[in-house]
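# Coordinates in review
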Amino acid sequence: MVRIKTCSYCGPPGPELDTPGVVVLKQASVSDHILWWWTEIPIADTQWLAPSFCPITPRTGIRSRQPYMRGIKFKKEGGFIGACFKKYCGRGRRCAINKETGAAECLCLERCHPSFVPVCGSDGRFYENHCELHRASCLQNKKIYIVHSKDCFFKGDTCTMAEYNRLKNMLLDLQSKHSSQQGGARENGMAHRRHLVQEMFKYFDVNGDGHLDSSELAQISMQDHLENDLLECTLQDLLKYDDYNSDGHLTLLELYTAFQVVQLSLPEEQKSSVSTVTVGLSTVLLCGIQGTLRPPVIWKRNGIVLNFLDLEDINDFGDDGSLYITKVTTIHMGNYTCHAYGYEDLYQTHILQVNVPPVIIVYPETQAQEPGVSASLKCHADGIPIPKISWLKNGMDILPKLSKQISLIANGSELHISSVRYEDTGAYTCIAKNEVGVDEDISSLFVEDSARKTLANILWREEGLSVGNMFYIFSDDGVTILQPNECEIQRQIKPTERIMASYEEMCPKGEGDSVQLCDWASAVNVRDKYIYVSQPIQNRVLIIDTQAQKVVQVVETDPIPVKLHYDKSHDQVWVLSWGDSNKTHPTLQMISQASGGEEHQITHSPFERVDDFFIPSTNLIITHVRFGFIFLRSELAVHKIDLETVARIKTIGLKNYSCVPVSMAYTHLGGYYFVQCHGKNISSSQPQVIIDSVTDAVIGYNSVVTGTPYISPDGRFVVSADEHTGIIRVQTITFQGTLQLTLELQTSLHISSVAFHPSFTEANQYYIYASSQSQTDLLFVELSTGRMEVLKNLKDPIQPDNWPWNNNNRVVINSGMFGQHMLTPSKDSLFVLNGKQNTLHCEVSDVKRGNTVVWVGEV
């Protein structure tokens with residue numbers, strides 16, 4: 001016996017050795033249990049035992065401390081082998097005496113003790129225990145150290161979803177074969193799958209604790225030699241993909257979910273649900289999919305997954321799978337679907353309707369009439385649902401007084417008095433009411449013999465007729481200001497008239513020109529106070545004061561300004577210039593504080609190569625517009641911009657639809673953008689593309705609808721006119737955000753322009769007028785009934801070659817929300833139409849190329 005050192009243990013006694021060697025007490029921690037065992041090490045492997053070696057004293061809970069082993073004992077024949085005692089070989093190696101030289105050598109261990117305490121190696125592999133790792137390091141002659149991570153169990157990101165599904169199918173097949181060998185009953189469908197997964201779980205659960213951890217999965221993988229069979233995935237990838245609560249274990253229910261055994265249900269009556277919320281409030285949509293350990297809920301809008309988008313207004317998903325929408329607006333209306341992850345076939349549809357309290361406007365606010373003439377008081381109301389209109393006179397209900405003399409027209413939106421009397425003087429209150437609110441406004445009527453002497457008459461007649469309610473027509477001969485009721489030219493601003501500020505002529509005569517003519521491209525109305533109009537040849541914008549009916553300022557622009565747009569939300573006029581006649585250097589500029597009276601300056605936007613731009617219009621409900629879009633030359637995308645900061649926010653690609661954007665339209669009902677596209681063949685028609693403004697995602701083609709889209713002022717009607725085929729398609733957007741095709745009209749017209757006008761017989765309905773690029777006819781369509789008429793012989797339009805600025809070589813302009821006249825030019829004259837009677841009202845001759853027209857309402 002050789003005594004190396006005395007140590008005391010409170011553990012089991014060691015065995016006696018019958019051969020030369022060492023007995024050592026080993027310790028390991030497995031599944032939170034401490035295991036102790038004795039192991040025998042050959043004498044040749046004891047080189048690591050230094051004289052000071054003494055294992056840590058284990059604590060087993062036994063109070064008495066008996067000296068079960070007084071040190072580590074050796075038996076030896078022929079004396080102690082001193083050469084190996086002094087040589088250190090390191091882990092995974094052993095010391096051996098070379099028989100020929102007698103020298104001590106380090107050799108790799110032939111085997112390790114068969115214990116299973118898996119560790120991760122720095123080579124990306126896992127080993128059954130520490131010894132196997134160090135032995136592999138020795139055999140491969142490279143340093144492999146322990147990594148305190150489970151990354152080696154998962155093999156990085158090489159296990160794709162497709163490979164992972166192959167892994168699960170393979171495991172099911174193996175389990176199915178094993179079950180058939182065991183003589184198990186063959187079942188079909190979900191019950192058979194459930195049985196296979198249940199048996200698989202029992203087999204994988206080595207320690208029988210009802211949980212699968214990484215060590216158990218690794219042990220099964222090595223035991224059944226699955227490493228090479230599973231290709232890029234391992235059994236540990238079950239934890240990576242299907243440990244839903246991320247606790248590091250798999251339960252039977254989680255394994256059921258991994259193999260799509262979870263049985264989900266949705267009551268029949270809950271498959272479709274309608275929710276109604278008032279604008280400005282918040283709402284919660286609850287998913288009705290039920291089932292034990294239901295996978296995460298996936299929400300979609302128009303087919304776009306919402307869960308992974310960073311949205312301002314849809315920004316939280318509850319633990320119960322709820323969808324939260326804050327500060328609901330009309331763009332949020334529409335269909336939302338929910339389903340459990342991996343169970344797309346079982347889904348619930350939520351139809352969200354957004355109600356809006358009424359908003360009204362009356363016309364006129366004040367009027368004075370003499371006895372015996374007729375008078376009309378009009379009230380336009382928007383809201384969801386459509387508001388009902390009623391009238392009060394001096395606070396009393398008007399209904400009992402209705403007669404042949406006093407009548408309500410167009411569902412009450414017009415109060416008509418056929419022959420006014422003195423007692424008709426009063427304040428008439430229009431009240432609009434729906435389920436969520438009420439709004440009202442007053443229209444006053446004065447009936448007096450000396451009407452011209454009253455203040456009301458002065459305000460209405462002299463200012464209303466002489467300054468407001470006029471068409472401004474920009475032609476070769478200057479500016480014609482036309483009062484449509486009497487077809488009376490109120491004022492003619494000649495090309496030679498001087499500009500107030502600079503005293504230069506309005507339309508300077510060019511070199512070599514024998515006749516002094518004006519050239520115009522685009523004009524916009526700025527709050528009925530100013531008109532901004534572009535002169536592309538002079539590279540400038542003129543500002544006309546509608547009160548003075550004079551040009552008051554000149555704003556120099558980049559060369560050839562061809563398109564103006566007034567952004568009412570930010571009070572700025574946007575100017576698109578071509579740079580030259582070939583559009584090689586286009587720019588986009590802005591004039592801020594457009595309605596102010598100070599000297600206006602123009603600034604450049606940061607965008608280059610701009611081919612066109614689009615900014616939505618406001619209406620009674622949508623009073624503020626935040627975003628616009630720009631199109632770049634020949635690019636398959638639209639770029640969203642913030643109108644306040646004039647910064648690009650994002651790019652929405654249209655490459656998948658081979659769509660080069662040409663024009664856009666927008667409705668706040670459902671938040672749809674309609675994009676007219678040109679493909680590779682510009683002469684052919686291509687379906688429109690729809691973008692959802694909530695997600696800024698393309699949701700697909702607008703069915704087979706082609707052509708230029710136009711939106712009615714209330715956002716309820718989309719009219720698309722195809723200039724190639726002549727087809728006009730009318731779509732309606734319901735108050736639940738769904739798009740429906742209601743009319744399809746085949747015409748022989750090559751559409752130039754489309755204008756909406758409120759119906760004179762039905763509230764919240766519209767007529768449309770469509771002009772032709774090449775013919776003399778004007779098309780009239782009543783959208784509520786589909787009734788179509790053609791107004792013929794309105795003379796030839798301007799030739800497209802003589803109107804290079806856009807494709808609208810014959811515009812159609814209405815006279816505002818309450819007017820009854822339309823205006824359209826021919827190449828040599830103007831035609832004023834009576835929209836109420838749908839007839840020609842008058843022709844104004846000798847107005848050449850008057851294709852730039854603006855309506856100015858009451859000031």
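Higher on the page you've got the structure.
Residues numbered from 1 in each chain as written. Predicted model: local features only at pLDDT ≥ 70, side-chain atom pairs only at ≥ 80, totals over all residues. Heavy atoms only, no water.

Counted by the stated rule, this structure contains 16 aromatic pairs. A centroid spacing of 4.7 Å and a plane angle of 75° characterise the contact between Phe 629 and Tyr 673, whose relative ring orientation is edge-to-face. You can see Phe 629 sitting in strand β38 (residues 627-632) and its partner Tyr 673 sitting in strand β42 (residues 672-678), a full 44 residues away along the chain. With a relative accessible area of 1%, Phe 629 lands in the buried category. Put simply, the rings of Phe 760, Tyr 767, Tyr 769 and Phe 780 pair up and form one aromatic cluster. A cation over an aromatic ring shows up here: Lys 563 above the ring of Phe 613, its NZ or CZ 4.5 Å from the ring centre. Positioned over the ring face of Phe 627 is Lys 640, at 4.0 Å from the centre of the ring. (Phe/Tyr/Trp six-rings, centres within 6.5 Å; stacked < 30°, edge-to-face > 60°. Helix = DSSP H or I, 4+ residues; strand = E, 2+ residues; numbered from the N terminus. Buried < 20%, exposed > 50% of the residue type's maximum accessible area, 1.4 Å probe, protein only. Lys NZ or Arg CZ within 6 Å of the ring centre and 35° of its normal.)

The next point concerns the pattern of salt bridges. Inspection of the entire model under this criterion finds 25 salt bridges. Asp 696 serves as the salt-bridge partner of Lys 650, at 3.1 Å between the closest nitrogen and oxygen. Highlighted residues: Lys 650 in strand β40 (residues 647-653) and Asp 696 in the loop between β43 (687-692) and β44 (697-706), separated in sequence by 46 residues. Three or more residues joined by partner-sharing salt bridges are found here, namely Asp 476, Asp 519 and Arg 849. (Salt bridge = Lys/Arg side-chain N within 4 Å of Asp/Glu carboxyl O.)

Attention now moves to the sheet that holds β42. Spatial ordering of the open sheet is given by β41-β42-β43-β44, a layout of 4 strands whose pairing is antiparallel. Each edge of the sheet is formed by a strand with only one pairing partner; in this case those strands are β41 (660-667) and β44. Between one strand axis and the next, the sheet turns by 30° as a mean value, whatever way the strands run. Here 4 bridges tie β42 to β43, and the two strands are oriented antiparallel to one another. Opposite Tyr 672, over in β43, you have Asp 692 as the bridge partner. (Pairing = 2+ DSSP bridges. Axes fitted to C-alpha atoms, helices over the stretch in contact; angles between N-to-C directions.)

Glancing now at the nonpolar core. The tendency in soluble globular proteins is for nonpolar side chains to be buried as a group. Among the nonpolar cores identified, the biggest contains 75 residues, and Phe 204, Phe 259, Trp 299 and Tyr 336 are the most heavily contacted of them. With residues near it in sequence (within four places) discarded, Tyr 336 still touches Leu 285, Trp 299, Lys 300, Arg 301, Leu 306, Ile 314, Leu 323, Ile 325, Gln 348, Thr 349, His 350 and Leu 352. Within the second largest apolar cluster, 20 residues are counted, among which are Tyr 472, Ile 499, Cys 507 and Trp 520. (Core = buried A, V, L, I, M, F, W, Y, C linked by side-chain atoms within 4.5 Å. Contact = heavy atoms within 4.5 Å.)

Bringing a negative patch on the surface into the picture now. Taken together, Glu 365, Glu 440, Asp 441 and Glu 858 make up a surface patch of like negative charges. Here Glu 440 lies in strand β25 (residues 437-447). (Patch = residues over 30% accessible without salt bridge, like charges linked within 9 Å, V, L, I, M, F, W, Y side chains within 5 Å. Areas by Shrake-Rupley, 256 points an atom, 1.4 Å probe, with all protein chains shown as cover. Lys, Arg positive; Asp, Glu negative; His and termini not counted. Charge placed at Lys NZ, Arg CZ, Asp CG, Glu CD.)

Applying the stated criterion across every chain yields a total of 9 disulfides. Through a disulfide, Cys 89 is tied to Cys 106; the S-S separation comes to 1.8 Å. Here Cys 89 and Cys 106 share a disulfide; its torsion about the S-S bond, -85°, makes the bridge left-handed. On the criterion of sequence distance, the pair formed by Cys 89 in the loop between α1 (82-85) and β5 (93-97) and Cys 106 in strand β6 (residues 104-108) is long-range, its members being 17 residues apart. Classification of Cys 89 as buried rests on a relative accessible area of 9%. Since its relative accessible area comes to 31%, Cys 106 is described here as partly exposed. Here Cys 108 connects covalently by a disulfide to Cys 138, the sulfurs 1.8 Å from one another. (Disulfide = S-S within 2.5 Å.)

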